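Residues per chain are reported as follows:
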Amino acid sequence: MSKHVNNPKTAQWQAMSRAHHLAPFSDYKQLAEKGPRIITEAKGVYLWDSEGHKILDGMAGLWCVAVGYGREELVEAAATQMRQLPFYNTFFQTAHPPVLELAQAIAELAPPGMNHLFFTGSGSEGNDTMLRLVRHYWACQGQPNKKIIIARENGYHGSTVAGASLGGMKGMHEQGDLPIPGITHIPQPYWFGEGGDKSPEEFGLWAADQLEAKILELGVENVAAFIAEPIQGAGGVIIPPESYWPRIKEILAKYDILFVADEVICGFGRTGQWFGSDYYGLKPDLMTIAKGLTSGYVPMGGLIVGDKVFDAIEAHGDFNHGFTYSGHPVAAAVGLENLRILKEEGIVERVRAETAPYLQSRLRELAEHPLVGEVRGVGMLGAIELVRDKATRTRYPDEVAAGMVCRGHCFTNGLIMRAVGDTMIIAPPLVISRAEIDELVEKARKCLDLTLRDLSA
Ligand SMILES: *Cc1c(COP(=O)(O)O)cnc(C)c1O
């Protein structure tokens, strides 16, 4: 039941939005016509908007609210730290206990050899840090020409200049003259969308082989690193074919370049392992983190640096880079408490052993739906492909905007599911229960029915 339908404040807030707020990744013309939905509170896996509607948050905020909303321990951790030391910087040979304890806690969870933490305010800044650190590393090794970073089309690595350049999003590159020089992109392992007549396994090998082809084309003496998300998130929850990562690992072992795993989404339990790199057995030299690190309660990101890279940097001395809020004490205290909750409540183990298999099997039931071409997922990540023809994987025409139609029905029916083109995606809080998974799947089914009805009309 709605608490305050037709709240007069909703219209006021929407007017304030139009007058003063530039929202990220928004169509300002559309926003001016409709106004944003105003979210006012949250608890567990549910949100409430200013009209009192209760909404199941199938996206964990923006892939980040791992432990769910309303965790008093995180509130307490922030308040306690704010009273004791609300801010001090970590520049110029200074530190404070929360940042050191968090660095140690992350190193203990990270794969072997990943022992050093550089903190930032976001995932994008983590990738900016990565770009500068990787080039600095090669310069320290006497190979300053090893500068180019190979990334992937339709990857997402953030929205700063370096982040957007590393990402492979066409719509982002079109604005602001990106990518910057020294970054290049290879095809993504997206079989459903781009696999053509190849089997998923053939296509996975082909996509991986593009890395080797690119290294040879550029000359390995010019290539610094390859960056990839273990599973592409914002690109549409793209689960690579089984053949992809093993072949990439072979190629990485053959050439002297660094591997950066962007763990901003996969990190801290989303796949049912602590990191996506654990899930796929990857051996990164660097890992970008953010999102689940603090469950989104306060902003924080960072870069986990492996021993090999760290040793070279340390031997050189100076690294002339940092942010005022690198290792912010309040963010660090919240991050530490968030990791304690994830560990002590066995949340990652429960995802792996129980709730993720349940979510995945329930989601797969939707593959029978006439509108659905494929359902895929790993852990607490899922994607549903909307198609006009299942057998040929044929989409609806762009102007039909099937994904947006479905997203609209989800909003009105109390479910947040995101649309990436005609791919519907979910990434619920890691603490979602079986009963809440049932609710998510039933709501998704209902919205698929409503979408099909609209598209058939
Ligand atoms: C969200 C995201 C980023 C950027 O993080 P911000 O905190 O938004 O800057 C980077 N990489 C991946 C994989 C992401 O999903």
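Residues numbered from 1 in each chain as written. Predicted model: local features only at pLDDT ≥ 70, side-chain atom pairs only at ≥ 80, totals over all residues. Heavy atoms only, no water.

### Side note on the packing of helix 4 (residues 72-84) against helix 14 (residues 329-344)
1) Next: It is at 8 Å that the axes of helix 4 and helix 14 come closest, and there the two elements cross at 150°. Between helix 4 and helix 14, the angle is such that the two are roughly antiparallel. When you trace helix 4 past helix 14, the crossing you get is right-handed. Contacts between helix 4 and helix 14 involve E73, L74, A77, A78, Q81 and M82 from the first element and P329, V330, A333, V334, E337, N338, R340 and I341 from the second. (Axes fitted to C-alpha atoms, helices over the stretch in contact; angles between N-to-C directions. Helix = DSSP H or I, 4+ residues; strand = E, 2+ residues; numbered from the N terminus. Parallel < 35°, antiparallel > 145°, perpendicular 65-115°, else oblique. Left-handed = near helix turned anticlockwise from the far one by under 90°. Contact = heavy atoms within 4.5 Å.)

### What about the confidence of the model for the chain?
1) Next: Per-chain confidence: the chain averages 97 in pLDDT, with 99% of residues scoring 70 or above.
2) Next: Across the chain, the secondary-structure element scoring lowest on mean pLDDT is helix 2 (residues 28-34), at 91, and the one scoring highest is strand 8 (residues 258-262), at 99. (pLDDT = per-residue confidence, 0-100.)

### Section: the side chain of D49
1) Next: Structurally, the position occupied by D49 is in strand 2 (residues 46-49).
2) Next: Take D49: its relative accessible area is 4%, and that puts it in the buried class.
3) Next: In terms of polar contacts, D49 uses its side chain to reach the backbone amide nitrogen of E51, at 2.9 Å. (Buried < 20%, exposed > 50% of the residue type's maximum accessible area, 1.4 Å probe, protein only. Polar contact = N/O pair within 3.5 Å; in protein donor to acceptor, adjacent residues only side chain to side chain.)

### Description of unusual backbone geometry
1) Next: For the bond from L178 to P179, the omega torsion is 0°, close enough to zero to count as cis.
2) Next: Tracing the sequence through the fold places P179 in the loop between helix 8 (170-173) and strand 6 (183-186).
3) Next: Even without glycine at this site, F25 takes up a positive phi of about 40°.
4) Next: Residue classification places F25 among the exposed residues on the basis of a relative accessible area of 62%.
5) Next: Here W63, not a glycine, exhibits a phi torsion of approximately 70°, which is positive.
6) Next: One can find W63 in helix 3 (residues 60-63).
7) Next: With a relative accessible area of 3%, W63 lands in the buried category.

### Comments concerning the pairing of strand 9 (residues 286-289)
1) Next: Burial of strand 9 is two-sided: the residues L286 and T288 facing one way and the residues M287 and I289 facing the other way are all buried.
2) Next: Where strand 8 lies against strand 9, three bridges are found, and the strand directions are parallel. Within strand 9, the residue paired with D262 across the bridge is T288.
3) Next: One ladder, built from four bridges, connects strand 9 with strand 10 (residues 301-306); its direction is antiparallel. The residue bridging T288 from the neighbouring strand is L303, located in strand 10. (Pairing = 2+ DSSP bridges.)

### Regarding helix 6 (residues 123-140)
It helps to recall that an α-helix has 3.6 residues per turn; residues three or four apart then point in one direction.
1) Next: Taking 1.5 Å of rise per residue, 18 residues should cover 26 Å, and helix 6 covers 25 Å from first to last C-alpha, within 8% of that figure.
2) Next: Within helix 6 the residues assigned to the buried category are G123, S124, G126, N127, T129, M130, L131, L133, V134, H136, Y137 and W138.
3) Next: Capping the start of helix 6, S122 holds a side-chain oxygen 3.5 Å from the backbone nitrogen of S124, two or three residues further along.
4) Next: In the stretch just after helix 6, G142 is the one whose phi turns positive, near 75°. (Expected span 1.5 Å × (residues − 1).)

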